[in-house]
Amino acid sequence: MTRSRIARAAALAAVLAAAPLPAMAEFLSPDWSSFSISGIEQPDWVAGEREGNYIGMCLTCGETLMFQVQTLPDDGTGGRVKSGETTAETYTGIGKANAERLGSGAAYYGTEDISFASAVGFKTSAMTATGDYASTYQLWDDGQQLIVKAYGKDQKRVEKLAKDAFTAAAPMTFK
């Protein structure tokens, strides 16, 4: 190898060493005992850990409003989402088919892409067969999955609760 090639290789190595790397998520194994969501305070809410999940239910909302936050091992979906094999359109198709199968007024409103650090996933909106609105956030990375679900009779309140819970849970789950 000539001196000029060695010098160019050394210069390239120095540039690559100094270049910022893309953010990589790291699963943080969250401790839900310290979990809190802005705007969710006692005595309006009963909330806490149960069987590895964080669950909340509003007692004074004038209607049932519930949420659940949990982490699970990735079942392989995360890799399919990262590769582009599973997309928001794929999820929407599955959701619509499930809603049709359930009947009784169930509906699927759609899926949006979401991300946090290098974790990727989807936000979905639907109506359950029992007539409750549902909003779910799912993120996958580092062999793990974060799921945040909210249910209730008022779609705007359900969407806000799910977003607020996700905003609080994502930084506790992935870095």
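Residues numbered from 1 in each chain as written. Predicted model: local features only at pLDDT ≥ 70, side-chain atom pairs only at ≥ 80, totals over all residues. Heavy atoms only, no water.

A. A look at the overall build of the chain. Along the chain, the regular secondary structure elements total four helices and seven strands. Evaluated residue by residue, the chain yields a buried proportion of 39% over its 175 residues. Excluding contacts between residues fewer than 6 apart, the proportion of contacts in the chain whose partners are at least 24 apart in sequence is 49%. Of the accessible surface of the chain, which amounts to about 10100 Å², a share of 55% is contributed by carbon and sulfur atoms. (Helix = DSSP H or I, 4+ residues; strand = E, 2+ residues; numbered from the N terminus. Buried < 20%, exposed > 50% of the residue type's maximum accessible area, 1.4 Å probe, protein only. Contact = heavy atoms within 4.5 Å. Areas by Shrake-Rupley, 256 points an atom, 1.4 Å probe, with all protein chains shown as cover.)

B. Representation of unusual backbone geometry. Of note, the phi angle at Ala117 is positive, near 50°, even though the residue is not glycine. Within the secondary structure, Ala117 is located in the loop between β4 (107-116) and β5 (119-127). Taking relative accessible area as the criterion, Ala117 reaches 41% and is therefore assigned partly exposed. Unlike most non-glycine residues, Asp142 shows phi in positive territory, near 55°. Along the chain, Asp142 turns up in the loop between β6 (133-141) and β7 (144-152).

C. Summary view of the nonpolar core. Phe35, Phe67, Val69 and Leu146 are the most contacted members of the largest nonpolar core, which has 30 residues in total. Those elements that provide at least two residues to this core are β2 (53-58), β3 (65-73), β5, β6, β7 and α4 (155-173). Ranked by residue count, the leading element in this core is α4, at eight residues. Dropping the residues within four chain positions of it, Leu146 is found in contact with Trp32, Val69, Gln70, Thr71, Tyr137, Gln138, Leu139, Phe166, Ala169, Ala170, Thr173 and Phe174. Listed in part, the nine residues of the second largest apolar core include Ala99, Ala106, Tyr108 and Phe122. (Core = buried A, V, L, I, M, F, W, Y, C linked by side-chain atoms within 4.5 Å.)

D. Quick look at the pairing of β2. In terms of strand pairing, strand β1 (residues 45-50) meets β2 through six bridges, oriented antiparallel. Note on β2: the bridge partner recorded for Val46 is Met57. (Pairing = 2+ DSSP bridges.)

These results come straight from atomic positions and should not be treated as a statement about function.
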